[in-house]
Amino acid sequence: NLLQEKLLLVDTPGVNDLMQTRSEITYQYLPQADIILFVLDATSPMKFSEKLFLEQKILKHHRGKLICVLNKIDRLSSEECSESLQYCQKAFLDLGLKVEIFPLSAQQGYNQGDAQQGLEKLKQWILAHAVSHKQKLLFENSRLEGKRVLNRARQSVGLFEKALLLENQQLL
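Small disclaimer: the values here were computed from a predicted structure and weren't measured.

About the thresholds
- Residues numbered from 1 in each chain as written.
- Predicted model: local features only at pLDDT ≥ 70, side-chain atom pairs only at ≥ 80, totals over all residues.
- Heavy atoms only, no water.
- Helix = DSSP H or I, 4+ residues; strand = E, 2+ residues; numbered from the N terminus.
- Disulfide = S-S within 2.5 Å.
- Buried < 20%, exposed > 50% of the residue type's maximum accessible area, 1.4 Å probe, protein only.
- Salt bridge = Lys/Arg side-chain N within 4 Å of Asp/Glu carboxyl O.

### Brief notes about unusual backbone geometry
Even without glycine at this site, methionine 46 takes up a positive phi of about 55°. By the secondary structure assignment, methionine 46 is in the loop between strand S1 (36-41) and helix H2 (48-58). Within the chain, lysine 72 stands out as a residue other than glycine whose phi angle is a positive 70°. Topologically, lysine 72 is positioned in the loop between strand S2 (66-71) and helix H3 (78-94).

### Section: the state of the cysteines
The final tally for this structure, using the stated rule, is 0 disulfides. Take cysteine 68: it sits in no disulfide, and the sulfur closest to it among the cysteines is that of cysteine 88, at 5.5 Å. For cysteine 68, a relative accessible area of 0% puts it in the buried group. Summary of cysteine pairing: cysteine 81 is not part of a disulfide, and the nearest cysteine sulfur, belonging to cysteine 88, is at 9.8 Å.

### A look at the pattern of salt bridges
Within this structure, the stated rule accounts for 4 salt bridges. The shortest N-O distance in the salt bridge between lysine 72 and aspartate 41 comes to 3.3 Å. With lysine 72 in the loop between S2 and H3 and aspartate 41 in strand S1, this residue pair connects regions lying 31 residues apart in the sequence. Judged by relative accessible area, lysine 72 falls into the partly exposed class, the value being 27%. Since its relative accessible area comes to 18%, aspartate 41 is described here as buried. The salt bridge involving lysine 123 is made with glutamate 120; its shortest N-O contact spans 3.4 Å. Of this pair, lysine 123 and glutamate 120 both sit in helix H4 (residues 119-171), separated by 3 residues, roughly a single helical turn. Among the residues examined, lysine 123 registers a relative accessible area of 36% and is labelled partly exposed. Judged by its relative accessible area of 29%, glutamate 120 is partly exposed.

What follows is the structure, encoded as structure tokens:
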């Protein structure tokens, strides 16, 4: 369960929102996100505004955080679903992004009739990557804390050496 792993899920407004302030909310969350779940409509994937968002907001700083849900596949035939998936894969590659894409129906919770390939597969991917990311963060925080402690110890040793020199000079 995602919540048992203490993952915080934030559902932000879409990037096609007519109210600019709603889009700004989304943009403000990007630096804080460990994973960016980019949801596309399989019936009309990768609109110009979505490509623009990826180019302007994702490519420079967040490319390694992005995964994609190709939603509403229940509205497509198997052939149309394959075409939509191929189109998205090509669009991401054209932008220089290697992105994991999860075709599914959020309403039905499946991928072409197979529940194990739908939401469950997406949840397992998020859990695996979030736990891995948490471990990296813990390691990085521990490394930085160790560096901070080492620097303070060096400063203390430096002050102690100066104090010893002063005492020796005063003895002479």
